[in-house]
Amino acid sequence: NSSELSPSFILASIPGLEAAQCWMAIPLCSAYVLALLGNCAVLLVVRAEPSLHAPMYFFLCMLAAIDLALATATVPRILSFYWFDSREISFAACLLQMFLIHTLSAVESSVLLAMAVDRYVAICHPLRHAAILTNGATAKIGLLAMARGVLFFLPLPLLLLPLPFCGPRVLSHSFCLHQDVMNLACANTTPSVVYGLTAILLVMGLDAVLICLSYLLILKAVLRLAAWRERLKVFSTCVAHICVVLAFYVPLIGLSVVHRFGKDLAPLVHIIMGNIYILVPAVLNPIIYGVRTKQIQRRIL
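Please read all numbers here as calculations on a predicted model, not as lab measurements.

Explain the pattern of salt bridges here, please?
Between side chains of opposite charge, a pair can form as their charged atoms come close. Counted by the stated rule, this structure contains three salt bridges. Here Asp118 ties to Arg119 by a salt bridge, and the two come within 2.9 Å at their closest N and O atoms. Residue class for Asp118 comes out buried when judged on its relative accessible area of 0%. The class of Arg119 is buried, set by a relative accessible area of 11%.

I would appreciate a short explanation of the state of the cysteines in the present structure.
Here a disulfide denotes one covalent bond, and it connects the sulfur atoms of two cysteines. Inspection of every chain in the model, using the stated rule, returns two disulfides. Each sulfur in the disulfide pair Cys94 and Cys176 lies 2.0 Å from the other. The chirality of the disulfide connecting Cys94 with Cys176 is left-handed, given an S-S dihedral of about -120°. Taken together, the residues Cys94 in helix H4 (residues 91-124) and Cys176 in the loop between helix H7 (155-160) and helix H8 (178-182) connect sequence positions 82 residues apart. Considered together, Cys94 and Cys176 belong to a single accessibility category, that of buried residues. The connectivity of the disulfide-linked cysteines in the protein, indexed sequentially, is 1-3, 2-4. No disulfide involves Cys40; its sulfur sits 11 Å from that of Cys61, the nearest cysteine. Not engaged in a disulfide, the cysteine Cys238 finds its nearest cysteine sulfur in Cys124; these two sulfurs lie 8.9 Å apart.

What's the story with the layout of surface pockets in this structure? I'm lost.
Taking a probe equal in size to a water molecule and rolling it over the atoms shows the remaining empty space. By volume, the largest pocket is sized at about 820 Å³. The biggest single contributor to the lining of the largest pocket is helix H9 (residues 190-223), with eight residues. Its residues placed into classes, the lining of the largest pocket shows 15 nonpolar, nine polar and two charged. Size it by volume and the second largest pocket reaches roughly 280 Å³. Lining the second largest pocket, in full, are Met56, Tyr57, Arg119, Ser236, Thr237, Ala240, His241, Tyr289, Arg292, Thr293, Lys294 and Gln295.

Please clarify how the nonpolar core should be interpreted in this entry.
Side chains that are nonpolar tend, in soluble globular proteins, to be buried together. In terms of nonpolar packing, the biggest core is built from 80 residues, with Phe9, Val111 and Leu112 touching the most fellow members. If we ignore the near neighbours within four places in the chain, the residues touching Phe9 are Arg87, Glu88, Ile89, Phe91, Cys94, Phe165, Arg169, Leu171, Val181 and Leu184.

Just to check I follow, could you spell out the UniProt feature "domain: G-protein coupled receptors family 1 profile" (unreviewed entry) in the protein for this structure?
As annotated in UniProt, the feature "domain: G-protein coupled receptors family 1 profile" (unreviewed entry) corresponds to residues 38-289 in the numbering used here. Annotation note: span residues 38-289, helix share 78%, strand share 1%, distance between end C-alpha atoms 10 Å.

How should I be thinking about empty space enclosed by the protein in this particular structure?
The full count for this structure, using the stated rule, is one cavity of 30 Å³ or more. Roughly 30 Å³ of internal volume is contained in the largest cavity. Among the elements of the structure, helix H3 (55-84), H4 and helix H12 (267-292) are those that each provide at least two residues to the lining of the largest cavity. Broken down by element, the residue count for the lining of the largest cavity peaks at four residues, all from H12. Considering only residue class, the lining of the largest cavity consists of six nonpolar, one polar and two charged.

Would you mind showing me how to read the packing of aromatic side chains here?
Overall, the coordinates contain five aromatic pairs when judged by the stated rule. A ring pair is formed by Phe9 and Phe91, whose centres lie 5.9 Å apart and whose planes are at 45°; its orientation type is tilted. Linking Phe9 in strand S1 (residues 8-10) with Phe91 in helix H4, this pair joins segments that are 82 residues apart in sequence. The pair formed by Phe9 and Phe91 is uniform in burial state, with each residue classed as buried. With 4.9 Å between their ring centres and 90° between their planes, Phe248 and Tyr249 make a pair best called edge-to-face. The exposure class assigned to Phe248 is buried, which follows from its relative accessible area of 2%. We classify Tyr249 as buried; its relative accessible area is 9%. Here the aromatic cluster, defined as three or more aromatic residues joined through ring pairs, consists of Phe9, Phe91 and Phe165. If you follow Arg231 out to its NZ or CZ, it ends over the ring of Trp228, 4.6 Å from the centre.

Can you walk me through the environment of Val250 in this structure?
Position of Val250 among the secondary structure elements: in helix H11 (residues 239-261). Distance from Val250 to Ile276, taken between C-alpha atoms, is 9.9 Å for residues 26 residues apart in sequence.

I tried to follow the packing of H3 against helix H6 (residues 135-153) on my own but got confused; where do I start?
For any two helices packed against each other, the geometry comes down to the angle between their axes and how far apart the axes lie. Interaxial distance between H3 and H6 falls to 10 Å at its minimum, and their mutual angle equals 25°. Between H3 and H6, the crossing angle belongs to the class labelled roughly parallel. Like other packed secondary-structure pairs, H3 and H6 cross with a definite hand, here right-handed. Facing Pro55, Phe58, Phe59 and Met62 of H3, the residues of H6 in contact are Asn135, Thr138, Ile141 and Gly142. Residues that form the contact of H3 with H6 fall into these classes: five nonpolar, three polar and no charged.

Rules behind the numbers
Residues numbered from 1 in each chain as written. Predicted model: local features only at pLDDT ≥ 70, side-chain atom pairs only at ≥ 80, totals over all residues. Heavy atoms only, no water. Salt bridge = Lys/Arg side-chain N within 4 Å of Asp/Glu carboxyl O. Buried < 20%, exposed > 50% of the residue type's maximum accessible area, 1.4 Å probe, protein only. Disulfide = S-S within 2.5 Å. Helix = DSSP H or I, 4+ residues; strand = E, 2+ residues; numbered from the N terminus. 1 Å grid on protein atoms, 1.4 Å probe; cavity = no way out; pocket = protein on both sides within 12 Å on 5 of 7 lines; lining within 4 Å. Points joined across faces, edges and corners; volume = space filled by probe spheres on them. Nonpolar A, V, L, I, M, F, W, Y, C, P; charged D, E, K, R; others polar. Core = buried A, V, L, I, M, F, W, Y, C linked by side-chain atoms within 4.5 Å. Contact = heavy atoms within 4.5 Å. UniProt positions renumbered as here; feature names shortened; annotations may be inferred. Phe/Tyr/Trp six-rings, centres within 6.5 Å; stacked < 30°, edge-to-face > 60°. Lys NZ or Arg CZ within 6 Å of the ring centre and 35° of its normal. Axes fitted to C-alpha atoms, helices over the stretch in contact; angles between N-to-C directions. Parallel < 35°, antiparallel > 145°, perpendicular 65-115°, else oblique. Left-handed = near helix turned anticlockwise from the far one by under 90°.

Set out below in structure tokens:
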């Protein structure tokens, strides 16, 4: 029937706590506002401070823009659900939100890899850094990261389009994810499962391996230095990036584990892990770089 051809989905609520959702939205809204202020501040500071016109900080601006887009694609819809009980989301809106979440996450992973390569070149080949990572090369890397995310994750909603959805259409999160929507289909989802896993491994999985490889080479170069003070000084330039990588990959891995092995967990766990995955990088990234970068601190003050 028409509802099966164009289904709608029900966003997840916490059983027994529906009446308290308006209060639960307050910390979520506060985190969203903090993410907006922090990432906008990073964009404005890097633009206004000539000493920050370098590849590392251009990549930081890309991260800030991605985090703003990802949070804005999800949090306002979650808040409308919590505050106005707007639980139903259309099939088209759900697919669009799903595409944005996965694509922007892939782009962020690619930018984090580019930042790791920037740290490797700056530490292991400092004399060639300016020649290799020019402003033009940085812009091309950003465009390639966006193209890579779109090309790898555009098929996900396309694979779900022809599937029928019958029975309960209640999601596990307050927003749409591929694994969540796919599990509600009453048809063979093997192509979608295989492609989704392949895309994740070829993008986030490969990026994580290459980031680790970059830091192994950096560590090898740092250990060649004679003085411990010099080693710490050189490696301290990587601390902010390592923290940002952990802020992105730890919630991503946690959410994947919950989807794979947490079917018997309480709905609250799924909802909290989903919100952490969306908001933690967006909130922490500007704080981490604000604390670690004196030029950003001075300009904000």
